[in-house]
Amino acid sequence: MAYQITNKPQLVLWPSLLTLLFLSGALEAAAGTGTSTSSVSSISSSATDDAAAATGRRSLAAASQSVFRLDRYGACGDGSHDDTQALARAWKAACASPRPAVLLVPGGKRYLLKLVSLSGPCKSSVMVTLKGTLVASPDRSDWSDEDRRHWIVFRQVDRLTVNGGGTVDGNGETWWKNSCKINKALPCKEAPTALSFHYCTSLRVQDLKIVNSQQIHMSIEDCTGVQLTGLSITAPGTSPNTDGIHITHSNDVQVTNCKIKTGDDCLSIESGTNNLHVSQVVCGPGHGISIGSLGDDNSRAEVSGITIDSVQLYGTTNGARIKTYQGGSGYAKDITFQNMVMYNVANPIIIDQNYCDKATPCEAQESAVEVSNVVFKNIKGTTVTKDAIKLNCSMHVPCHGITAEH
Ligand SMILES: *[C@@H]1O[C@H](CO)[C@@H](O)[C@H](O)[C@H]1NC(C)=O
């Protein structure tokens, strides 16, 4: 027998794995904020610095960073006044800083935001240190039909870091209630992604909580060189379409040490993803780790060089999944799922080249996204269904090079 999926409870690995995960999380936090050369707290304790900041920008002879505190740009932080323009102003100042900039969102406060786009290119590197909470307006009419898909967007920034241990709260309840998945009488409309990164290079997002997004929690699109680490993403298991992390058209991405509990995919890996390494991630509830769906509406998809390592899934509908529509083209290749532990997962291992999630059934078509060189290695745990492995391959472009091993 080449695989180790069993339907007997098998919990031996859990305690040690969890201990390891939390321990490394603590070390990460203790190690501080990464690339910066001086710490935010030591800079902002100086009175002269505060005076300089009142003028809108400050620079320090002694330090290599300039700090931009959100409160200096007119933000209230009371959770009810609209702080969108204040954040946009603070971003503009930080982005124009010739020295490495820190945009500091103070702790203990809630900043209410509508749709906000924070764009580069910036003069130097920017670190957004979020200590408090950014909370989305609960009023859906604050979003126009032209852009219902975004809430906070970072666009075209090189060397952006977002960190600080604070919270991004999508305040999604009213969006969920009005989702066609929850109320079938309503039309299907899009809802915002809480945190989007578009065309960013050398991006780090670390040590953040993202909760109750309106729809997808975090989206990485058209980015290169991305590290996501120490993220905690949480929404109810019943919330519709609330993917954890969505990755598309991006290269050289690492996701480590994250905990993702939502109502949809833990990670959704879409077309254009190349060289992605995921490790030490805990998922569930939700729909598990999914590559695809690819090839929708006869589109071309290219996914390659994906390693999913040391991931645990609790009670998710899928474990390791690849799904493609008939009629697509391109490939999903060189994919490894290894060292995974799954507890009460419905479909632990699934490749479906005949995937269809449309109102009308999908027609049989001869072209398909080619699925090849997929390794499932050292995957163990328990299932709640009879079949631990489901392979539904295309009649015309059958998947090949699929291996399951110890
Ligand atoms: C494969 O998928 C197609 C389309 O969803 C379905 O009709 C068929 O029953 C599946 N085959 C197996 C063996 O599950």
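Residues numbered from 1 in each chain as written. Predicted model: local features only at pLDDT ≥ 70, side-chain atom pairs only at ≥ 80, totals over all residues.

Q: When you look at the environment of Ser394 in this model, what are you seeing that I'm missing?
A: Positionally, Ser394 belongs in the loop between strand 26 (389-392) and strand 27 (400-405). Judged by the 21 C-beta atoms lying within 10 Å of it, Ser394 falls in the buried class. A sequence separation of 26 residues divides Ser394 from Ala368, and the C-alpha atoms of the two residues are 7.0 Å apart. Those residues in contact with Ser394 that lie beyond four places of it in its chain are Gln326, Gln353, Asn354 and Ala368. (Helix = DSSP H or I, 4+ residues; strand = E, 2+ residues; numbered from the N terminus. Buried ≥ 20, exposed ≤ 12 C-beta atoms within 10 Å, placed from the backbone. Contact = placed C-beta atoms within 7 Å.)

Q: Even after reading the chapter, I still don't get the nonpolar core, so can you show me in this structure?
A: Side chains that are nonpolar tend, in soluble globular proteins, to be buried together. Core analysis: the largest hydrophobic core is formed by 100 residues, its most contacted members being Leu70, Ala90, Leu103, Tyr111, Val126, Ile210 and Ala332. Element by element, the count of residues in this core is highest for strand 23 (residues 329-345), at 8 residues. In contact with Tyr111, not counting residues within four places along its chain, are Leu70, Ala75, Gly77, Asp83, Leu87, Val105, Gly132, Thr133, Leu134 and Val135. (Core = buried A, V, L, I, M, F, W, Y, C linked by C-beta atoms within 7 Å.)

Q: Looking at this structure, I do not really get the confidence of the model for the chain. What am I missing?
A: Predicted coordinates in regions of low pLDDT should not be interpreted in detail. Residues with a pLDDT of 70 or more make up 84% of the chain, whose mean pLDDT is 87. Considering only residues more than four positions removed or in separate chains, one finds that residues 1-62, a stretch of pLDDT under 50, has 85 contacts. (pLDDT = per-residue confidence, 0-100.)

Q: In this structure, what is going on with the environment of Arg72? I would like to understand it.
A: Mapped onto the elements, Arg72 comes out in the loop between strand 2 (66-69) and strand 3 (78-82). You can call Arg72 buried: it has 20 C-beta atoms within 10 Å. Placed 17 residues apart in sequence, Arg72 and Arg89 show a C-alpha to C-alpha distance of 9.8 Å.

Q: What is the right way to look at unusual backbone geometry in this model?
A: Where the residue is not glycine, phi is negative for most of them; where a peptide bond is considered, it is trans in most cases. Cis geometry is adopted by the peptide bond preceding Pro285, which originates at Gly284 and carries an omega value of 5°. Along the chain, Pro285 turns up in the loop between strand 19 (274-283) and strand 20 (289-294). In this structure, Ser293 follows Gly292 across a cis peptide bond, with omega equal to 20°. Turning to its location among the elements, Ser293 is positioned in strand 20.

Q: How do you make sense of the sheet that holds strand 6 (residues 116-119) when you look at a structure like this?
A: Pairing in this open sheet of 10 strands is parallel, and the strands run 6-9-12-14-16-18-20-22-24-26 from one edge to the other. The open sheet has two free edges, formed respectively by strand 6 and strand 26, since each of these has just one partner strand. The mean inter-strand angle of the sheet, taken between neighbouring strand axes irrespective of direction, is 15°. As paired strands, strand 14 (residues 218-221) and strand 16 (residues 245-248) are joined by 4 bridges and run parallel to one another. Bridge pairing in strand 16 places Met218 opposite Ile245. (Pairing = 2+ DSSP bridges. Axes fitted to C-alpha atoms, helices over the stretch in contact; angles between N-to-C directions.)

Q: Mind showing me how you'd approach the pairing of strand 15 (residues 224-234) here?
A: Here is the key point about a regular strand: its side chains alternate between the two faces of the sheet. Here strand 13 (residues 201-211) pairs with strand 15 via 9 bridges, running parallel. In the sheet register, Thr201 faces strand 15, and the bridge partner there is Thr224. Of the pairings in the sheet, the one linking strand 15 to strand 17 (residues 251-261) comprises 8 bridges and is parallel in character. Paired with Thr224 across the bridge in strand 17 is Asn251.

Q: Would you take a moment to explain the environment of Gly132 for this structure?
A: Among the structural elements, Gly132 can be located in the loop between strand 7 (126-130) and strand 8 (133-136). Sequence separation of Gly132 and Arg110 is 22 residues, and the distance between their C-alpha atoms is 6.2 Å. Sequence-distant contacts of Gly132, that is, excluding residues within four places in its chain, are made with Gly77, Val105, Pro106, Gly107, Gly108, Lys109, Arg110, Tyr111 and Gly166.

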